[in-house]
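Spelled out from the first residue to the last, the chains are:
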Amino acid sequence: GGRGVVYHYYKCSGAKRKLGCKRKAIKKHWIEDVVVKLTVSQVLTNTAIERIADAIVVMQEQEDTVTPVLKQQLQQCETEIRNVMKAIRLVITDTTKECLEDLETQRELLKESIAQLQLERRSFSKEEIVEWISKYKNGNTNDPDYRKEIIDTFVNSVYVYDDKLILTYNYKDGSQTLTLQEINATLSSDLTGICPPKEKRRLVASFFFWWTWGA
């Protein structure tokens, strides 16, 4: 600005490169205020948190394909050890003793591999996931660090139009479209009077916040 104050904006790349979009730049504080407050009010509800936690639990089970195989091999190894022990009761030979030692070594290696995998890739219970997500419910939406965490964790993308916002979140079917009137109604006086001016052109800027959180 003329007095040396730095102002931050988001602007459509099509407008910046003069590819036809006439959309004016949008104040960074305004759009991030909208995104954070809507996310907190719409996503961080008990119902949504329960649904997200259920989805993460299922995802954890689907992604781990190695541990079930190792556990199956361990179970088979235990069965073979029991069979060898039965054979030893009948007759003890060098072959049966060597076979038993090999199986016991294999069993220990499988147990170590399973334990290492579980250590490296810990699975979280639904209760732990709910507790972790719930910690975001009562943060200060004016705190820059809290705002960044909310966006990085829950928001996938935000599309800004002249008369609406489309927010996409990091969970299945996590998308919503809100008009500027609905935004004002949802956030009451928090955003009243700071909405950007409407343009005749409907297609506007889009920008993305990519998910950085991983369970």
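Heads up: these notes are all about the structure in this document. As the structure is a computational prediction, the values presented were derived from the model and not from experiment.

## Section: the overall build of the protein
Phase 1: Broken down by element type, the protein carries eight helices and six strands.
Phase 2: Every one of the 215 residues in the protein was classed for burial, and the buried ones make up 34%.
Phase 3: If you take every contact in the protein between residues at least 6 apart in sequence, the share linking residues at least 24 apart comes to 65%.
Phase 4: Counting every atom, the protein has about 14,000 Å² of accessible surface; 52% of that belongs to carbon and sulfur.

## Topic: the pattern of salt bridges
Phase 1: According to the stated counting rule, one finds eight salt bridges in the structure shown.
Phase 2: A salt bridge links K126 to E50, with the nearest nitrogen and oxygen atoms 2.8 Å apart. In this pair, K126 sits in helix α6 (residues 126-134) while E50 sits in helix α3 (residues 46-63), placing the two residues 76 residues apart along the sequence.
Phase 3: Among the salt bridges present, the one from D54 reaches K126, with a minimum N-O distance of 3.0 Å. Of the two residues, D54 is situated in helix α3 and K126 in helix α6; the sequence distance between them amounts to 72 residues.
Phase 4: The class of K126 is partly exposed, set by a relative accessible area of 25%.
Phase 5: Taken together, the shared-partner salt bridges in this structure form one network comprising D33, K37 and R147.

## Focus: helix α7 (residues 144-154)
Phase 1: Looking at α7, one finds that the buried residues are Y146, R147, I150, I151, D152, T153 and F154.
Phase 2: On its buried face, α7 is in contact with α2 (28-42), α6, β3 (155-160) and β4 (164-169).

Analysis parameters
Residues numbered from 1 in each chain as written. Predicted model: local features only at pLDDT ≥ 70, side-chain atom pairs only at ≥ 80, totals over all residues. Heavy atoms only, no water. Helix = DSSP H or I, 4+ residues; strand = E, 2+ residues; numbered from the N terminus. Buried < 20%, exposed > 50% of the residue type's maximum accessible area, 1.4 Å probe, protein only. Contact = heavy atoms within 4.5 Å. Areas by Shrake-Rupley, 256 points an atom, 1.4 Å probe, with all protein chains shown as cover. Salt bridge = Lys/Arg side-chain N within 4 Å of Asp/Glu carboxyl O.

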